[in-house]
2 protein chains.
Amino acid sequence: MIQAGMTGSAPDRGLPAGECAARCTRAQALMAAAGLDLILLTTEPEVRYFSGFLTPFWQSPTRPWFLLLPADGRPVAVVPRIGAVAMAATWVTDIRTWPSPRPQDEGISLLADTVRDLAGTTPMLGVSQGPESHLRLPLTDWNRLLAGLPGAVLRDATPILRQLRMVKSPAEIAKIAHVCDLVSEVFEGMPAWLRPGMSDIEVFRRFRIACLEAGADDVPYLVGGAGPGGYGDIISPPQGRPLAPGDVLVLDTGATFDGYFCDFDRNYALGPADDAARDGYRLLHAATEAGFAAARPGNTCADLFAAMQAVLGRADGDVGRMGHGLGMQLTEWPSHTADDETVLQPGMVITLEPSLDLAPGRMMVHEENLVIEAAGTRWLTRRAPAELPVID
Amino acid sequence: MIQAGMTGSAPDRGLPAGECAARCTRAQALMAAAGLDLILLTTEPEVRYFSGFLTPFWQSPTRPWFLLLPADGRPVAVVPRIGAVAMAATWVTDIRTWPSPRPQDEGISLLADTVRDLAGTTPMLGVSQGPESHLRLPLTDWNRLLAGLPGAVLRDATPILRQLRMVKSPAEIAKIAHVCDLVSEVFEGMPAWLRPGMSDIEVFRRFRIACLEAGADDVPYLVGGAGPGGYGDIISPPQGRPLAPGDVLVLDTGATFDGYFCDFDRNYALGPADDAARDGYRLLHAATEAGFAAARPGNTCADLFAAMQAVLGRADGDVGRMGHGLGMQLTEWPSHTADDETVLQPGMVITLEPSLDLAPGRMMVHEENLVIEAAGTRWLTRRAPAELPVID
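Residues numbered from 1 in each chain as written. Chains lettered and ligands numbered in written order. Predicted model: local features only at pLDDT ≥ 70, side-chain atom pairs only at ≥ 80, totals over all residues. Heavy atoms only, no water.

Chain A is annotated in an unreviewed UniProt entry as M24 family metallopeptidase from Marinibaculum pumilum.

Structure, rendered in structure tokens:
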């Protein structure tokens, strides 16, 4: 069923037949090269990547969910019984369940048994251990699992998962492009309703509603800030403060379509902007252009960082990086920092996010999303205006 | 700044002065009794509980955030530099930062140094290890931290955190009550717009917009199902299927106000309902009443389970429990199961969630929210209609 947003037809939901299988096959080739017998997956994006399993039920911390990727064949799910029906709707056919909650054995003995079934008693077992990962189960249960698998040797699966997930398929890119486009339209419409005197809570509410009306499934991430000539912080929820003439407002959002995120922002001046805000905006716009020009296959994230840095002519603010990967999560590997040597490849979807300190406690951030393609790099967001928009 | 939703004035945002301090003091008394020198907190609700730090930025997996609760005094934050301004707006004054991302040392050496500063080289260090917990940092970094603290003895902090967080303050109850009331109003208004032929995607979208218009900050959790006479699954996102006459639809939502959740559902028949659906609905309504009657201080979660079970006269469906705690998370400890002996106390906010298998592949679930108070138990949701609502 196709849903039409204001910006046109949405791409199909779900993944093309064979996409999860192809992901598993690619992972299994890397596992063979690394000598891994099995990978244990415990987090939402990791489980979804190989199974297609999409549910917001992960917000409940009560139950762990496990997916095991063997050396060949389909992944095997070890999940609470409440998830059996939804998991059976994916391409996963071997689904093992336990009645949950059962804190005294929250799937751990079943998981250990399944590991032994699939890979014997001395498996080389890959789990995510590296940057940006975590294990979504209690430490006590993790220790119990290891005690139940005395012959297992742990290996870090992060490099395998990272290199696969960084490169998006056409279906993934279409979902991200769709949500980028519809949220761009919402941002473009903001000057028609944004006014001094509105509280930031009301601005956030209207923005969320506009995204939903435009066809976003959800707006899980929305932060912003507003202050005279700039803002001091870009990770806070609204404070209930009325927007005042002279404020610069930023909204930074991760809206979703079918489980994929956009992540970009827009700035607006409420009434006349001062020179520092206008000039800073132009500089950030130019830095973003420089980042786009450097976003070519073969260049590295450090090259992107250097290209933007060269325009800004100074260290960036307290954001710590000038963009990152994007997909099933609001932020994904890599990071555009001075020392991230990740090589850009066709299929990578990234943000460009230069920031600038305008004055102590006054910063400005721009952010756009793009995809690296063999034929050239393509904006997924509609480019921000070249000059700071002024709301009268 | 007070926001008015359609259901009346919202409670104040934030927490009363002294509430975080009181939480810390209570925790420190329990730490002293358990011999703990320090508790390390790594997840959003744990950090927020003691600091008041509220941001959706946790959705980015790049950076860990740490809060250390010492034996006395205020908690100490060890956070990425990007979070310093927002953390400084809380009551936390000792804020130590590192420039992040920095995968080669993502705050770990600073955290180890801070542990030593606060509790010496041989601390009894509490961390969440028990049911429903996880450590939000990479396993490699966790192992590095332990290697950097060779004299530390780990203890499970779960019992301390659980017993504190289960009992809500008046300010917390007011936030949950507010979002329960406004979402109740949205559910009551659904028959005015819900129609056969609408796709479930459109129903979800309209419901989210209605919650925002009514004053919810966000609707992070929304699942549902619809099928002839019942549904097969209650954890899935919408599928794009048009609602058909004879369907029973359920929507189950966790909307938020100021960082606190409701979690309840409502059922609707599209056109005439069959006897099994009508009778099942009445039975679940009666089971919920029995749960409410049993929800008194001194009774246990097992008593609640037994009271509902006695009405249903059979094992419940594949949900695995008949309700749970509720607060900063969609689901919190405890669980209403046959063997959860948690004693109900004034201030506990819980759900009642009986479920029934109507036929193979056809289930029904009811859910309401309530607060246990010394003067009597109080519904936070407006009670569902006694008979299955029929949409013509």
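## Concerning the UniProt feature "domain: Creatinase N-terminal" (unreviewed entry) in chain A
Going by this rule: UniProt positions are given in the numbering used here, feature names are shortened, and annotations may be inferred rather than shown by experiment. Working definition: helices are DSSP H or I runs of at least four residues, strands are E runs of at least two. Numbering for both runs from the N terminus.
Under the present numbering, the feature "domain: Creatinase N-terminal" (unreviewed entry) in UniProt falls on residues 23-167 of chain A. Counted over residues 23-167 of chain A, helix gives 39% and strand 19%. Its end C-alpha atoms are 11 Å apart.

## Re the packing of aromatic side chains
Residues and elements named next belong to chain A. So the rule is basically this: The pairing test for Phe, Tyr and Trp rings, Trp by its six-membered ring, is centres within 6.5 Å, and the orientation test on the planes gives stacked under 30 degrees, edge-to-face over 60, and tilted for anything in between. Exposure categories follow from relative accessible area, calculated using a 1.4 Å probe and restricted to protein chains: below 20% of the type maximum is buried, above 50% is exposed, and the middle band is partly exposed.
On inspection of all chains with the given rule, the structure shows 18 aromatic pairs over all chains. Ring centres 4.1 Å apart and planes at 15 degrees place the aromatic pair phenylalanine 292 and tryptophan 379 in the stacked group. Of this pair, phenylalanine 292 sits in helix α9 (residues 275-294) while tryptophan 379 sits in strand β19 (residues 378-379), and the two are 87 residues apart along the sequence. Taking the relative accessible area as the measure of exposure, tryptophan 379 reaches 23% and is therefore partly exposed.

## Things to note about the pattern of salt bridges
Condition: In the sections that follow, a salt bridge refers to a side-chain nitrogen of Lys or Arg positioned within 4 Å of a carboxyl oxygen of Asp or Glu.
Counted by the stated rule, this structure contains 52 salt bridges over all chains. Through salt bridges with shared partners, a single ionic network connects A:Asp181, A:Glu185, A:Glu188 and A:Arg382.

## Section: the packing of helix α4 (residues 108-119) of chain B against helix α5 (residues 139-148) of chain B
Residues and elements named next belong to chain B. Short version of the rule: Here, axes are lines fitted to C-alpha atoms. For helices the fit covers the stretch in contact, and angles between N-to-C directions go from 0 to 180 degrees. Helix crossings fall into two classes, left-handed where the near helix is turned counterclockwise from the far one by less than a right angle and right-handed where it is turned clockwise. Contacts are assigned to residue pairs that have any heavy atoms within 4.5 Å of one another. Side-chain classes are defined by residue name, with Ala, Val, Leu, Ile, Met, Phe, Trp, Tyr, Cys and Pro counting as nonpolar, Asp, Glu, Lys and Arg as charged, and the others, Gly among them, as polar.
Here α4 crosses α5 at 40 degrees, and the two axes come no closer than 9 Å. Where α4 crosses over α5, the two elements pack in a sense that is right-handed. On α5, the residues touching Ile108, Leu111, Ala112 and Arg116 of α4 are Asp141, Arg144, Leu145 and Gly148. Class assignment of the residues belonging to the contact of α4 with α5 gives a composition of four nonpolar, one polar and three charged.

## Topic: the sheet that holds strand β6 (residues 94-98) of chain A
All names here are of chain A. To be explicit about the condition: Whether two strands pair comes down to DSSP finding at least two bridges between them.
Read from one edge to the other, the open sheet built from six strands follows the order β6-β5-β4-β3-β7-β8, with strand pairing classed as mixed. At either margin of the open sheet sits one strand with a lone partner, and together these are β6 and β8 (153-156). Averaged over all adjacent pairs, the angle separating strand axes in this sheet is 25 degrees, with direction ignored. Pairing of strand β3 (residues 38-41) with strand β4 (residues 66-70), which is carried by four bridges, proceeds in the antiparallel orientation. Paired with leucine 41 across the strands is leucine 67, a residue of β4.

## As for the domain arrangement of chain A
Residues and elements named next belong to chain A. Let me state the cut-off plainly: Residue ranges for the domains trace back to a domain assignment, done automatically or taken from a database. Defined here as a combined quantity, buried area equals the accessible surface (1.4 Å probe) lost by two parts on assembly, summed across both. Each polar contact in these results corresponds to two N or O atoms within 3.5 Å; when the atoms are within protein, one needs to be able to donate a hydrogen and the other to accept it, and residues that are neighboring in sequence are counted only if both atoms are side-chain atoms.
What the domain assignment lists for chain A is domain 1 (19-165) and domain 2 (169-391). On the side of domain 2, twelve residues touch domain 1, which itself brings ten residues to the contact. It is Arg48, Glu132 and Arg165 that lose the most area in domain 1 upon contact with domain 2, and together they represent 47% of the buried surface on that side. Linking domain 1 with domain 2 are two salt bridges, by the criterion used here. Measuring nitrogen to oxygen at the nearest pair gives 3.4 Å for the salt bridge that ties glutamate 172 to arginine 23. Taken together, the links from domain 1 to domain 2 amount to six residue pairs in polar contact (both at pLDDT 80 or more). At the level of secondary structure, the elements contributing two or more residues to the side of domain 1 that touches domain 2 comprise α1 (19-34), α2 (44-51) and α6 (158-166). For the side of domain 1 that touches domain 2, the element with the most residues is α2, which contributes three residues. A breakdown of the residues in the side of domain 1 that touches domain 2 according to their chemical character gives four nonpolar, no polar and six charged.

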